[in-house]
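Structure at a glance
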Amino acid sequence: MKIIAEDIGKTYNRKEVLASVSLEIEEGKVNVILGPNGSGKTTLLKILNLLERPDAGRLLCDGKECSLTSNAGRRLKLSRRMTMVMQNPTMFDATVFKNVAYGLKVRGEEKKLIRQKVESTLDTVRLTQAVERNALTLSGGEAQRVALARALVLDPEVILLDEPTNNLDSISLRIIEDLILSLKEQKDITLVLTTHLLSNARRWGERFFVLREGRLIQKGDRKEVFERPTSVFWAKFMGMENFLSGKLIRDEEQVKLDVDGIRLDVVSDAEGEAYATIPPEDILISLKPLSSSARNCFRGKVARIDEERAIARVTVDIGIPLTSMVTRRSKEEMHLVEGKEVYLTFKASAVHLFQSDEI
């Protein structure tokens, strides 16, 4: 099912929760809605699942209007093709089996088929041993797995998950993460997830939508969203290293970004105040100047070294601090220690520039 949101708006108690949100959910992909708590992620998810009516804009399913104001019969057919798992799912006062079987019974499935489907799905979420337990006695992680089983047993085309791994025990966390990654490989299933955790988003996602205070501030694939921020908020939210602010100036035939007197060669036709990020992996560190086409080469001193397993993040003071990423083996071969003089080299195209800080 192809789902398109056009200029979606939603207000609760005179507070604008969503404002002109437009996005397209890609079929057969893992679509991740990102943002801090209170950014409108859950509300947007409910609208996409036809549980909430937008106050403005419209929702299209397979090219046709499918908001709560559209044809009730068509809406019912569409709602059967997708299902949603809430962050804090409600369990019925009944066995785990009956909780998972509920939707199938409503659809009028045969008892024999219901048992087969429920048992198979409970095996998928590793809860076969809990089939006769009262669902109200389950731990939070177990209840989340039952809720996911309740969704999977219906064989939906679209599964919407609201913060699926929030506050889970380690066992349930691993099971649900493995299941999400497994579903990712099934191209006949579309996943829409919300999360405020960047680690989850990076691990699962293929398409990303970033919300802040009800507004969509960035969308795209992994590279576009995580390497090329378009706002200071998003760059800082990601904790991007080598985040700089300065002024673009034309120096002879080149445009440079002046950051506290340090001028970086960049690729731009703009002028004026600007922000920039440089991926640490795009900055080469060496003991001597490198002979290359890269236009940026600066001498500095190692200010800090942080080691993470096989990787070392080396921060060098060139007048401004810049962090490079090298293997521990390279770090040892170069005998890198704090205070050692080194050179940093990077291409002008490695400097990602943006001037918009409106959101």
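**Structural notes on the sheet that holds strand 1 (residues 3-12)**
Ordered by their spatial adjacency, four strands build an open sheet running 2-1-4-5, and the pairing between neighbours is antiparallel. The open sheet has two edge strands, strand 2 (15-25) and strand 5 (64-65), and neither has a second partner. As paired elements, strand 1 and strand 2 share seven bridges and run antiparallel to each other. Bridging from a neighbouring strand, Thr 11 pairs with Glu 16 of strand 2. Strands in contact with helix 1 (residues 41-48) are strand 1, strand 2 and strand 4 (56-61); relative to strand 2, the strand with the most contacts, it is inclined by about 55 degrees.

**Overview of the confidence of the model for the protein chain**
Per-residue confidence for the protein chain gives a mean pLDDT of 92; residues scoring 70 or more make up 97%. Mean pLDDT values over the elements of the protein chain span from 76, in helix 2 (residues 72-79), up to 97, in strand 19 (residues 341-346).

**Here's the deal with the sheet that holds strand 11 (residues 243-251)**
Reading across from one edge, 13-12-11-14-20 is the order of the five strands in this open sheet, with antiparallel pairing throughout. Two strands close off the open sheet at either side, each with one partner strand: strand 13 (262-266) and strand 20 (352-354). Each strand of the sheet is rotated relative to its neighbour by a mean of 40 degrees, with strand direction disregarded. Relative to strand 13, strand 12 (residues 254-259) runs antiparallel, the two being bridged by five bridges. Looking at the pairing, Val 255 lines up with Val 266 of strand 13.

Rules used in this analysis
Residues numbered from 1 in each chain as written. Predicted model: local features only at pLDDT ≥ 70, side-chain atom pairs only at ≥ 80, totals over all residues. Heavy atoms only, no water. Pairing = 2+ DSSP bridges. Helix = DSSP H or I, 4+ residues; strand = E, 2+ residues; numbered from the N terminus. Contact = heavy atoms within 4.5 Å. Axes fitted to C-alpha atoms, helices over the stretch in contact; angles between N-to-C directions. pLDDT = per-residue confidence, 0-100.

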